[in-house]
2 protein chains.
Amino acid sequence: MYANFGEILEVVKGRQEKRRIVIAAAQDHEVLECAVQARKQGIASFILVGDQQKIEEILKGFGEDAASWEIINEPDEHKAAQKSMSMVASGEADIPMKGLLHTATFMRAVFNKEYGLVADKSVVSCITVSEFPAQGRMIMVTDSAINVSPDYDAKVKLINNAVPLAVKLGIAQPKVAVIGAVETVNPAMQETIEASMICKAAERGQIKGCLIDGPLALDNAISPQAAEVKGISGPVAGQADILLMPNLLAGNVLDKALRYFGELKTGSYIAGAKVPLVVTSRSDSAANKIHAIALSVL
Amino acid sequence: MYANFGEILEVVKGRQEKRRIVIAAAQDHEVLECAVQARKQGIASFILVGDQQKIEEILKGFGEDAASWEIINEPDEHKAAQKSMSMVASGEADIPMKGLLHTATFMRAVFNKEYGLVADKSVVSCITVSEFPAQGRMIMVTDSAINVSPDYDAKVKLINNAVPLAVKLGIAQPKVAVIGAVETVNPAMQETIEASMICKAAERGQIKGCLIDGPLALDNAISPQAAEVKGISGPVAGQADILLMPNLLAGNVLDKALRYFGELKTGSYIAGAKVPLVVTSRSDSAANKIHAIALSVL
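Residues numbered from 1 in each chain as written. Chains lettered and ligands numbered in written order. Predicted model: local features only at pLDDT ≥ 70, side-chain atom pairs only at ≥ 80, totals over all residues. Heavy atoms only, no water.

This part covers the environment of H29(B). All names here are of chain B. Relative to the helices and strands, H29 resides in helix 2 (residues 29–40). Overall, the relative accessible area of 47% leaves H29 in the partly exposed class. Note: C-alpha distance between H29 and I58 (29 residues apart in sequence) is 6.3 Å. Contacts of H29, omitting those with residues within four sequence positions, involve I58 and F62. (Helix = DSSP H or I, 4+ residues; strand = E, 2+ residues; numbered from the N terminus. Buried < 20%, exposed > 50% of the residue type's maximum accessible area, 1.4 Å probe, protein only. Contact = heavy atoms within 4.5 Å.)

This part is about the interface of chain B and chain A. Tallying the contact residues gives 36 residues for chain B and 36 residues for chain A. Taken together, the two surfaces of chain B and chain A that pack against each other cover about 3,000 Å², and 79% of this comes from carbon and sulfur. At the boundary of chain B and chain A, one finds two salt bridges. With its nearest N and O atoms 3.4 Å apart, the salt bridge here joins K256(B) to D219(A). Looking at the side of chain B that touches chain A, the elements that each hand over two or more residues are helix 8 (218–222), helix 9 (224–229) and helix 10 (248–260) of chain B. The dominant element in the side of chain B that touches chain A, judged by the number of residues it contributes, is helix 10 of chain B, at ten residues. (Buried area = accessible area lost by both parts, 1.4 Å probe. Salt bridge = Lys/Arg side-chain N within 4 Å of Asp/Glu carboxyl O.)

Moving on to helix 6 (residues 152–168) of chain B. Residue and element names in this part refer to chain B. For helix 6, built from 17 residues, the straight-helix expectation of 24 Å at 1.5 Å per residue is met to within 8% by its first-to-last C-alpha distance of 25 Å. Where helix 6 is concerned, the buried positions are Y152, A154, K155, V156, L158, I159, N161, A162, V163, L165 and A166. Of the residues trailing helix 6, G170 is marked for its positive phi of about 95°. (Expected span 1.5 Å × (residues − 1).)

Further remarks concern the pairing of strand 10 (residues 266–271) of chain B. Residues and elements named next belong to chain B. By the criterion of burial, strand 10 is predominantly enclosed, with five of the six residues buried. Where strand 5 (residues 125–132) lies against strand 10, six bridges are found, and the strand directions are antiparallel. Within strand 10, the position partnered with V129 by the bridge is G267. (Pairing = 2+ DSSP bridges.)

Next up on the list: the relation of the copies chain B and chain A. For the pair chain B and chain A, the best superposition has an RMSD of 0.0 Å and corresponds to a rotation of 180° with a translation of 0.0 Å parallel to the axis. This pairing of chains is accounted for by a two-fold axis. When C-alpha positions in chain B are compared against the rotation axis, the closest is assigned to G262(B), at 1.9 Å. (Least-squares fit on C-alpha atoms with pLDDT ≥ 70 in both.)

If you roll a probe as big as a water molecule over the atoms, it shows you where there is empty space left. All names here are of chain B. Inspection of every chain in the model, using the stated rule, returns one cavity of 30 Å³ or more. By volume, the largest cavity amounts to about 40 Å³. Counting residues per element, the lining of the largest cavity draws most heavily on strand 10, at three residues. Split into classes, the residues belonging to the lining of the largest cavity amount to no nonpolar, four polar and two charged. (1 Å grid on protein atoms, 1.4 Å probe; cavity = no way out; pocket = protein on both sides within 12 Å on 5 of 7 lines; lining within 4 Å. Points joined across faces, edges and corners; volume = space filled by probe spheres on them. Nonpolar A, V, L, I, M, F, W, Y, C, P; charged D, E, K, R; others polar.)

Let us look at the environment of V167(B). Residues and elements named next belong to chain B. When you line up the elements, V167 lands in helix 6. Judged by relative accessible area, which is 41%, V167 ranks as partly exposed. C-alpha separation for the pair V167 and C210, spaced 43 residues apart in sequence, amounts to 9.7 Å.

The next subject is the sheet that holds strand 2 (residues 45–50) of chain A. Residue and element names in this part refer to chain A. Taken in spatial order, the four strands of this open sheet run 3-2-1-4, and their pairing is parallel. One side of each edge strand has no neighbouring strand; the edge strands of this open sheet are strand 3 (70–73) and strand 4 (95–98). Pairwise comparison of adjacent strand axes, ignoring direction, gives a mean angle of 25° for this sheet. With respect to the sheet, helix 2 (residues 29–40) is in contact with strand 1 (20–24), strand 2 and strand 4, its orientation differing from that of strand 2 by roughly 155°. (Axes fitted to C-alpha atoms, helices over the stretch in contact; angles between N-to-C directions.)

Moving on, we get to the packing of aromatic side chains. Inspection of the entire model under this criterion finds four aromatic pairs over all chains. With a centroid separation of 6.4 Å and an interplanar angle of 40°, the aromatic rings of F46(A) and W69(A) are classed as tilted. Taken together, the residues span a long stretch of sequence, with F46(A) in strand 2 and W69(A) in the loop between helix 3 (52–61) and strand 3 at a distance of 23 residues. Residue classification places F46(A) among the buried residues on the basis of a relative accessible area of 6%. Both rings, one in F132(A) and one in F261(B), keep their centres 4.8 Å apart while their planes meet at 55°; by these two values the pair is tilted. (Phe/Tyr/Trp six-rings, centres within 6.5 Å; stacked < 30°, edge-to-face > 60°.)

What follows is the structure in C-alpha cells.
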C-alpha cells in the first residue's frame, strides 16, 4: 500500500513506457506548466490539442523547445475536445486531460457516444485521494465534484468506481465507510437509509471487492479511538480507506477541508469512464495537479 | 482578536470572579476529570448534581478531597437535569453542563418553560470554534451538531447566535460566509438560494452586526488565493470568520475534518439559550472539553 504521493510518483517515474496524456484546449498557462513538470519528471508524455500559436508561446515562456512537443492545432474548444477523445478512442492517446475550456464542454465530448469512452449506465465520479499522515496512509473521498445528489443506485456505482483505484493504491480489500452525520439509523436522515441498504447489499454479494459499513460519522470512520468510544466494532470503523459521502455538498466540504485546513497533499481522480480523466481546478496547487496526473497514469 | 485557545484560557484564568458551572448527572469519569482540571486551572467553579456516592468515588480517584466540592445528591438523571436548570434560573449557577445523561434529556430540561432559559422562537445551535494556525486566527463553524436541515429563518438565527460569540472573540464585525458546494447561484441547489436570500437580507438591514457573502465554496471562503483565482472580491471571500454550513451533514463533516484530519484545536459552544450550554461529546479530547468550558465562560 502506498503511504504517500512520493511513493506513487517514484513508481510512475520508474516505468519504461510512458502513458500519453492528450490535453484538450492546451493553451493554458497553469496546465502547460504542469505538463512541462510532469514530462521533465518522466511521469507521462503529452499531446497538446489547441491553439498552436498560443501553446508555443506559453511553452517558450517556460524555456521549452516547442518543436519537441506534439501539438495539434485546433483553436476551437469544442473541436479540440472532440479531437482529444477521438485520439483516445483510436488508441493514439491514453488519457484525456482538460485544458482551457469549460468542464461541461470537456465532459460532453467524453460522453459523446461516437468515441465510446463511457459505457451505458455508467456514472462518472470524482475521487479525492489524500495523504493521511496521522495514520501514515492514504484515504479516498468520493464524490467531491460531480454528482450532486446521488441516489442508492448511483452510490453503488460510486463505490464500484472507487474500489479499483484503491486496489491500484495497494489496498487489496478496501474498507468503505458510508458517511452520515450520525452512526445510527434515522428515517429522517436519508443518508442513513441509503447506508443501511448499501451495507445489506454488500452482505448479499451485490457489491463486491470491498468491506462496507455505515452510517458512520466521519470520526467513527477514520479514528479507531472515536469508533471505540461509540462502541462501534467491525473491520471498517476507525480504519476506512474510502469515504462515500452522502452528497456533493458534504463531499466538497471535506475535499476542501483536507486541503485548506488539513493542508494535506491530495490529488483528484475521475473514474467511471473506460479511461481515467484528468480534470484539475484552477485553484489546485501545482503539486496537487501533478498528483492528479500521477493517479491517472497509475 | 484571540489567535488561539491559549490566549482565551489566559484571559479566563485571570478573572477574579469565577463563573459557576452546574453539571447535570456529574457521575461521569471524563466530565469530572475535565472539571477537576478546569477548577485547578482557575477557569471556572463547579456545582455537581448527580449520584453523590459515585461522584465522590470518582473525585477520590483523581486524588481530590470530595468535601471541597459542592455536590447535590440527585441520582435520577431527569431530576438532576431539572435541578441544574432551576439553579441557573434562580442565579445559583451560571452555566449548565451535560454530564452522564442523554443529550435529549439534558436539552428537554433546557427547553422546560418553567426555567425560562430559552426565549420563544429562539433556535439553539452549536458553533465549533477552531484554531486556524495557517492564518494565525480562529474560525467558527455552525451548525455542526443540532439543526439537521435549517431553513432560511433558522439560518438567520444561526448567524445571530454566532455573531455575539465572534464579538467576544474580539472580531468587531465578523465576516460570515454562507457555504455551498459552488460559489454560483443554482436553483437546483437549495443552499445557493438561501445564501442569496441571506445576503440580500443583510443588505437590507434585516441581519445586523456582520458582513455576509455567499454562496461560497469552502476554499473561496477561507483562502484568499482561491477567492482570487475564482474572481470573487468583497470583504468576506477568503477571510471568513464564521462559516454558515448548509446543513448538519456538511457541518458535522467539517467539524470532524478539522479535528481528525486537520488535527486542529477546537471547542464547541452551544448558543441560542439565555446562557451558554456546555455539551461535550465522549469522543472529544480532554483539551477540547476544556476549550468548550473556556468558551462558555468567556
